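What follows is the residue order along each chain.
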Protein chains: 2
Amino acid sequence: MTRIYSKHPKHFVAVDCIIFGYDIIEKELKLLLIKRNFEPAKGKWSLAGGFIAENESMTQAACRVLYQLTGLKNLYMEQSYAYGGVDRDPGARVISVSYFALIKIQSIDKDRQEINGAHWRSIAKLPDLIFDHKRMVDRALAELQNNIKVRPVGFELLPEKFTLVQLQDLYEAIYQRGIDKRNFRKKILSMNLLEKLDEKEKMTSKKGAWYYRFIHQKYIDFKEKGFYFNLDVN
Amino acid sequence: MTRIYSKHPKHFVAVDCIIFGYDIIEKELKLLLIKRNFEPAKGKWSLAGGFIAENESMTQAACRVLYQLTGLKNLYMEQSYAYGGVDRDPGARVISVSYFALIKIQSIDKDRQEINGAHWRSIAKLPDLIFDHKRMVDRALAELQNNIKVRPVGFELLPEKFTLVQLQDLYEAIYQRGIDKRNFRKKILSMNLLEKLDEKEKMTSKKGAWYYRFIHQKYIDFKEKGFYFNLDVN
DNA sequence: CCAAAAGTGTTTTCTCTACACCCATGT
DNA sequence: ACATGGGTGTAGAGAAAACACTTTTGG
C-alpha cells in the first residue's frame, strides 16, 4: 500500500513562520527574524523555518518551529500561503508553506531568542530577506490587516491589560494610518467585549489611562448568537 | 549544493482542484467531480488532483490538472489552502494544496470531460467525497462567498453576455439566500462596470431581458484609482 | 499654573433597507 | 386580454464620519 504512489517524485517541504509582535513603547509592528546559521545564504536575515518531518503534520511543524524560537506554545497561528516555485530556494527545490503568528512581545523567552540569533525588526524598515521571504511577509501583513478588522486578533499582540490609547495605537500601526479617537472608542466599547479595570496606566501620562481587558469568553458567546466583530473605523 | 538539505525527509505533494461552475438554467452552483480510476478509493468521487512533478511549479501543476480535465487554459484560479495532516490519504502521506477555479460551464471541452469521468454535481447535494476533499470544498466555497462580495469574480462563472436577472440568480446561488432585486441592480449598476448591449435574452421571458457585459478594463482602471468593488447587498 | 495626554457627544452625511406597481410581449 | 417575468424609485432608519473642548495631575 505504501508504494502505491511511488512513480511520483517527492519534495522537500518546509514551513516558514512570520512572527508578528507589537512594541507598545515605540508603537511599531515588528517581525521576529533570524540570522540564518546554515548554507545557503548563511548569515542573511530570514524567517524562522524548518522542514516537515516524516510523521509530523504541517501544523505541528509550524508549532515546533515557533516553540524552538520563542519557547511559547498555544500561540495564535494561522496558515498563510503555500509557495511552490521551482527555483525559490537556491539550495534545492523546496516547497514552503508560510504561517503567521501573533505574539505578545513581552512573553517571549529571551534565552531561546538569543541562542537562535533572533531579533525583532520594525516592519516599516525591514532588512533584505532571503529567497521569497519578503513576499511571504507582504502577504501575511495584508492578511493581518484584513483579519484585524473583522476578528479580535489585535489582543493577541497586546498584554493582558491595555489602555484604549494602546489599542488604538496598535490599530494605527497595522493599518498604517490615523484613526479618529472618538469614533474608535465608540465602536470598540459598543461591542461590549472589553472590561474596564480599576487600575490606571501611569507611565505615559500624568492623568493616567484606564486599563481594559478583552473578555474572550464573551466574544465566543456573542459569535454563537450571530454577532460579528467589526473594527473597520475611519 | 543539491545535497545540502539531504538529511531531511521528502514528501509527496499534490494539488487538488475545486472547480466551480454555474448552471444558468437550473440556477445552481456546481462542482466538477471525477470518479477516481486508481487505488486507493478507486471508483469513489473526488476532486481533480495530481502530483507535483520534479520541475513543475505548484501553479503549473494546478493548471495542468485543470487543462487535462477541461481543455481550458487561463482560467480564473486561486490557491485555497495547504492540507498537511499525516493520515489524510490512506495510500501514503501526501501533502495537498487545494486550488479553486471558476469556469464558464458552457466553455468546457466535453470530450475530455467524458474521458476523465468528470461530472458536474450540484453543490447543494454533493455525493460523499474521498479523504478530506469535503473539507477542501467547504473552505473553498467559503472563500468564494467572501471573494464574490468584494471582487468581480462572479463574471468568470457567466457567459460573456448575461442579464441582470442571471447575475442576481448567480449571487443568490452562491450566497444561498434571496436578494432584493431593486437594491441589487442599483448597486451593481452604480459601479459603472457593466455595459448594456443592444440585445435581449428572450428564452426565459416574453418581454426579454437586456444583455450586459462586464468591462474588465474599467475595473482595472477604477482599482488603480482606489475604487473598491462591493456587492454585499441585503 | 501650565504642559501633556486622556476622555467625552452631537450633528451631518451617507449608505442600507424595505417596499409595490407598471411594462412589454407571446400565446 | 391575460399571464409571465422584467424593470423601476422613494422614504425612513441606521451607520459612518467629521469635529473641539474639558479633565486630570505631575512637575
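Here, every reference points to the structure presented above.
Because the structure is a prediction, the values reported are computed rather than measured.

> Summarise the overall build of chain A; cite the residues concerned and give the values.
Counting secondary structure elements, chain A contains six helices and ten strands. Taken over the C-alpha atoms alone, chain A extends approximately 65 × 40 × 30 Å along its principal axes. Looking at chain A residue by residue over its 234 residues, the buried ones come to 52%. Considering only residue pairs separated by 6 or more positions, chain A has 67% of its internal contacts joining residues 24 or more positions apart. Entry remark: accessible area of chain A is about 11900 Å², with carbon and sulfur atoms responsible for 49%. Averaged over its 39 positive side-chain charges, chain A has a centre that lies 3 Å from the centre of its 29 negative ones.

> Just give me the short version of helix H1 (residues 58–70) of chain A, but keep the residues and values in it.
Residues and elements named next belong to chain A. Its 13 residues give H1 an end-to-end C-alpha distance of 18 Å, which sits within 8% of 18 Å, the value for a rise of 1.5 Å per residue. Among all positions in H1, only Met 58, Ala 61, Ala 62, Val 65, Leu 66, Leu 69 and Thr 70 are buried. Projected down its long axis, H1 shows its buried positions confined to an angular sector of 145 degrees, all on one face. Residue Gly 71 follows H1 closely and has a positive phi angle near 75 degrees.

> So what's going on with the relation of the copies chain B and chain A? Residues and values would help.
With an RMSD of 0.1 Å, the operation that places chain B on chain A is a rotation of 179 degrees combined with a shift of 0.0 Å along the axis. Both chain copies can therefore be described as sitting about a two-fold axis.

> An account of the protein's contact with DNA strand D is needed here, citing residue identities and associated values.
All names here are of chain B. Contacts to DNA strand D come from 21 residues, most closely from Lys 181, Arg 185, Lys 186, Lys 207 and Trp 210. The sugar-phosphate share of atoms of DNA strand D within 4 Å of the protein amounts to 41%. With respect to DNA strand D, the side chain of Lys 181 contributes an N or O atom lying 2.7 Å from a base nitrogen. Between DNA strand D and Arg 185 there is a distance of 2.8 Å, counted from a phosphate oxygen to a side-chain nitrogen or oxygen.

> Describe in detail the interface of chain B and chain A, supporting the description with residues and values.
The interface is formed by 39 residues belonging to chain B together with 39 residues belonging to chain A. Summed over both partners, the interface of chain B with chain A comes to about 3200 Å²; 65% of that surface belongs to carbon and sulfur atoms. Linking chain B with chain A are zero salt bridges. Applying the counting rule to chain B against chain A returns 17 residue pairs in polar contact (both at pLDDT 80 or more). For the side of chain B that touches chain A, the secondary structure elements donating two or more residues are strand S1 (12–23), strand S5 (76–83) and strand S6 (94–103) of chain B. Looking at the side of chain B that touches chain A element by element, the count peaks at four residues for S5 of chain B. Within the side of chain B that touches chain A, the residues separate by chemical class into 22 nonpolar, ten polar and seven charged.

> Can you lay out the nonpolar core for me, pointing to particular residues and giving the numbers?
If you look at the biggest cluster of nonpolar residues, it comprises 52 residues, and the most contacted ones within it are Ile 19 and Met 58 of chain A together with Ile 19 and Met 58 of chain B. Ignoring any residue separated from it by four or fewer positions in sequence, one finds Ile 19 of chain B in contact with Lys 30, Leu 31, Leu 32, Ala 48, Leu 66, Leu 69, Ala 101, Ile 103 and Trp 120 of chain B. By size, the runner-up hydrophobic cluster in this structure holds 46 residues, among which are Leu 126, Leu 141, Leu 157 and Leu 193 of chain A.

> If you had to explain the protein's contact with DNA strand C to someone new, which residues and values would you point to?
Surrounding DNA strand C, one finds 21 residues, the nearest of these being Lys 181, Arg 182, Arg 185 and Trp 210 of chain A together with Lys 206 of chain B. Here the atoms of DNA strand C within 4 Å of the protein split so that 44% fall in sugar or phosphate, with bases taking the remainder. Between DNA strand C and the protein, one listed contact pairs a phosphate oxygen with a backbone N or O atom of Trp 210 of chain A at 3.0 Å. Take Asn 183 of chain B: an N or O atom from its side chain is 3.2 Å from a base nitrogen of DNA strand C. Going through the elements one at a time, helix H5 (181–190) and strand S10 (209–214) of chain A together with helix H5 (181–190) of chain B are the ones with two or more residues in the surface near DNA strand C. Its residues assigned to classes, the surface near DNA strand C comprises three nonpolar, five polar and 13 charged.

> An account of the sheet that holds strand S8 (residues 161–163) of chain A is requested, with residue identities and associated values reported.
Residue and element names in this part refer to chain A. In space, the three strands of this open sheet follow the order S8-S10-S9, with antiparallel pairing throughout. In this open sheet, the two edge strands, each paired with only one partner strand, are S8 and strand S9 (194–201). The mean angle between the axes of side-by-side strands here comes to 40 degrees, regardless of whether they run parallel or antiparallel. Here S8 pairs with S10 via three bridges, running antiparallel. Pairing of Phe 162 across the sheet is with Tyr 212, part of S10.

> A description of the sheet that holds strand S9 (residues 194–201) of chain B should follow, citing residues and the corresponding values.
Residues and elements named next belong to chain B. Sheet architecture is open: three strands sit in the order S8-S10-S9, paired in antiparallel fashion. In the strand order of this sheet, the two ends are held by strand S8 (161–163) and S9, each with one partner. Here the strands of the sheet are splayed against their neighbours by 45 degrees on average, with no regard to which way each runs. Inspection of the sheet shows S9 paired to strand S10 (residues 209–214) by five bridges, in the antiparallel sense. Bridge pairing in S10 links Glu 201 to Ala 209. Of the strands in this sheet, S8, S9 and S10 touch helix H4 (residues 164–175), which is tilted by about 80 degrees from S8.

> How would you explain the side chain of Thr 70 of chain A if you had to name every residue and give the values?
Residue and element names in this part refer to chain A. Checked against the element boundaries, Thr 70 lands in helix H1. Since its relative accessible area comes to 0%, Thr 70 is described here as buried. Sequence-distant contacts of Thr 70, that is, excluding residues within four places in its chain, are made with Leu 32, Leu 75, Ile 103, Ile 108, Asp 109 and Arg 112.

> Mind laying out the packing of aromatic side chains, listing which residues take part and the relevant values?
What describes a pair of aromatic rings is the distance from one ring centre to the other and the angle between the planes of the rings. This model, assessed by the stated rule, comprises 22 aromatic pairs over all chains. Judged by centre distance (5.4 Å) and plane angle (65 degrees), the ring pair of Phe 222 of chain A and Phe 227 of chain A falls under edge-to-face. Residues Tyr 81 of chain B and Tyr 83 of chain B carry aromatic rings whose centres are separated by 5.2 Å and whose planes lie at 70 degrees to one another, so their mutual orientation is edge-to-face. For Tyr 81 of chain B, a relative accessible area of 18% puts it in the buried group. Note on Tyr 83 of chain B: relative accessible area 3%, which makes it buried. Here a set of aromatic residues connected by ring pairs shows up, and it is made of Tyr 5 of chain A together with Phe 12 and Phe 51 of chain B. Above the face of the Tyr 67 of chain A ring, Lys 73 of chain A is positioned so that its terminal group lies 4.7 Å from the ring centre. When the ring centre of Tyr 211 of chain A is taken as origin, the NZ or CZ atom of Lys 161 of chain A, which lies over that ring, is 5.2 Å away.

Rules used in this analysis
- Residues numbered from 1 in each chain as written.
- Chains lettered and ligands numbered in written order.
- Predicted model: local features only at pLDDT ≥ 70, side-chain atom pairs only at ≥ 80, totals over all residues.
- Heavy atoms only, no water.
- Helix = DSSP H or I, 4+ residues; strand = E, 2+ residues; numbered from the N terminus.
- Buried < 20%, exposed > 50% of the residue type's maximum accessible area, 1.4 Å probe, protein only.
- Contact = heavy atoms within 4.5 Å.
- Areas by Shrake-Rupley, 256 points an atom, 1.4 Å probe, with all protein chains shown as cover.
- Lys, Arg positive; Asp, Glu negative; His and termini not counted.
- Charge placed at Lys NZ, Arg CZ, Asp CG, Glu CD.
- Expected span 1.5 Å × (residues − 1).
- Arc of directions from axis to C-beta.
- Least-squares fit on C-alpha atoms with pLDDT ≥ 70 in both.
- Near = heavy atom within 4 Å.
- Polar contact = N/O pair within 3.5 Å; in protein donor to acceptor, adjacent residues only side chain to side chain.
- Buried area = accessible area lost by both parts, 1.4 Å probe.
- Salt bridge = Lys/Arg side-chain N within 4 Å of Asp/Glu carboxyl O.
- Nonpolar A, V, L, I, M, F, W, Y, C, P; charged D, E, K, R; others polar.
- Core = buried A, V, L, I, M, F, W, Y, C linked by side-chain atoms within 4.5 Å.
- Pairing = 2+ DSSP bridges.
- Axes fitted to C-alpha atoms, helices over the stretch in contact; angles between N-to-C directions.
- Phe/Tyr/Trp six-rings, centres within 6.5 Å; stacked < 30°, edge-to-face > 60°.
- Lys NZ or Arg CZ within 6 Å of the ring centre and 35° of its normal.

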